[in-house]
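Geometric and topological summary
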Amino acid sequence: MELLKDKIRKEGKALNHEVLKVDSFLNHQIDPVLMKAIGEEFASRFHKEGVTKILTLESSGIAPSVMAGLAMGVPVVFARKQKSLTLKSDMIRARVYSFTKQESNDISVASKYLQPEDKVFIIDDFLANGEAAHGLLSICKQANVKVAGIGIVIEKMFQSGGKKLREAGIRVESLAQIEKLEEGKVTFKEEEYC
Ligand code: G4P
Ligand code: NA
Ligand code: NA
């Protein structure tokens, strides 16, 4: 997606070989115009899948998911990271290990928001090692729902998440695919035209 890649070229900062900082439009401040375009791009890539619900993870997955939900006309559910006092019963949980933070955390979704007839489109901001995606897939499996696929805003191709998910037969669509990060430089994977 050219608009997104331009934004990354202009405002993204490669902190090192592994981490891309995009606080100015995705992870802290949010660019609504770009988010709307991202939502529409996800919608156009998945419009034939019969999606009934979008599932994401708080916090940075919410903005692109809401825009996709608006474009697709379906509700958006975000898995919570914190245990909530008011949402304790009937929660579906999964354990997610974070390489960045080197710790495991539970994520949870109230079971009433995922019904067996649902077809779920999973969306997240980054795909690195795929731990968050696996956690969301585990929640879908426990809820007995179908998964249409996974939409990712920025995929880091040099980490193993995308490869593992695609090898497992899951459709993964990433709007920007980064092949390499060097301090101050971002190299994208060549676009495939179809
Ligand atoms: P994984 O899920 O693919 O295995 O990734 P990892 O454990 O490394 O991700 C931990 C957090 O770091 C996630 O956000 C993820 O979105 C984010 N992240 C991973 N790689 C990058 C990167 O290169 N740049 C930025 N900016 N973020 C990255 P989170 O902790 O869930 O935070 P948030 O959703 O509240 O923002
Ligand atoms: Na994040
Ligand atoms: Na995230």
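Residues numbered from 1 in each chain as written. Chains lettered and ligands numbered in written order. Predicted model: local features only at pLDDT ≥ 70, side-chain atom pairs only at ≥ 80, totals over all residues. Heavy atoms only, no water.

1. Structural notes on the coordination of the sodium ion (ligand 3)
Here is the rule: Atoms are scored as donors when they are N, O or S and lie within 2.8 Å of the metal, with 3.2 Å used for Na, K and Ca; no water is included, so coordination may look incomplete. When a residue's accessible area, from a 1.4 Å probe over protein chains only, is under 20% of the maximum for its type it is buried; when over 50% it is exposed; and in between it is partly exposed.
Looking at the sodium ion (ligand 3), the protein donor atoms are Asp124 (OD) and Asp125 (OD), and they sit 2.3 to 3.0 Å from it. The distance between the sodium ion (ligand 3) and the sodium ion (ligand 2) comes to 3.5 Å, with aspartate 125 serving as a donor to both metals. The exposure classification of aspartate 124 matches that of aspartate 125, with both residues buried.

2. Overview of the environment of glycine 162
Formally: Secondary structure is summarised from DSSP: a helix means a run of H or I of at least four residues, a strand means a run of E of at least two, and numbering begins at the N terminus for each. Contacts between residues were defined by any pair of non-hydrogen atoms, one from each residue, lying within 4.5 Å.
Here glycine 162 lies in helix α6 (residues 161-167). Taking relative accessible area as the criterion, glycine 162 reaches 0% and is therefore assigned buried. Separated by 45 residues in the primary sequence, glycine 162 and glutamate 117 place their C-alpha atoms 27 Å from one another. What glycine 162 contacts, discounting residues up to four positions off in sequence, is Leu127 and Glu155.

3. Focus on the packing of helix α1 (residues 2-11) against helix α3 (residues 32-46)
Going by this rule: Axes, fitted as lines to C-alpha atoms, cover a helix only where it is in contact. Angles between the N-to-C directions of the axes lie from 0 to 180 degrees. Convention used here: angles under 35 degrees read as roughly parallel, angles over 145 as roughly antiparallel, angles from 65 to 115 as roughly perpendicular, and any remaining angle as oblique. Here is the rule for handedness: rotate from the far helix to the near one, and if that takes an anticlockwise turn smaller than a right angle the crossing is left-handed, while a clockwise turn gives right-handed. In this classification, Asp, Glu, Lys and Arg are treated as charged, Ala, Val, Leu, Ile, Met, Phe, Trp, Tyr, Cys and Pro as nonpolar, and every other residue, Gly included, as polar.
With their axes 10 Å apart at the nearest point, α1 and α3 run at an angle of 140° to one another. In terms of their interaxial angle, α1 and α3 are classed as oblique. The interaxial crossing formed by α1 with α3 has left-handed handedness. Facing Leu3, Leu4 and Lys7 of α1, the residues of α3 in contact are Leu34, Ala37 and Ile38. Residue composition of the contact of α1 with α3, grouped by class: 5 nonpolar, no polar and 1 charged.

4. Considering the packing of aromatic side chains
To keep it simple, the criterion reads: Stacked, tilted and edge-to-face are the three classes assigned to paired rings of Phe, Tyr and Trp, where Trp is represented by its six-membered ring and a pair needs centres within 6.5 Å; plane angles under 30 degrees give stacked, over 60 edge-to-face, the rest tilted.
In the structure shown here, the tally under the stated rule is 3 aromatic pairs. With 5.2 Å between their ring centres and 85° between their planes, tyrosine 97 and phenylalanine 99 make a pair best called edge-to-face. Taking the relative accessible area as the measure of exposure, tyrosine 97 reaches 30% and is therefore partly exposed. For phenylalanine 99, a relative accessible area of 43% translates into the label partly exposed. Put simply, the rings of Phe42, Phe46 and Phe121 pair up and form one aromatic cluster.

5. Concerning the pattern of salt bridges
Filter applied, for reference: The term salt bridge refers to a side-chain nitrogen of Lys or Arg lying within 4 Å of a carboxyl oxygen of Asp or Glu.
Counted according to the given criterion, the structure contains 17 salt bridges. Ionic pairing is found between glutamate 11 and lysine 7, a salt bridge with its closest N-O pair at 3.1 Å. On the criterion of helical spacing, the pair formed by glutamate 11 and lysine 7 is a turn pair, its members being 4 residues apart in helix α1. Relative accessible area serves as the criterion here: at 18%, lysine 7 is assigned to the buried category.

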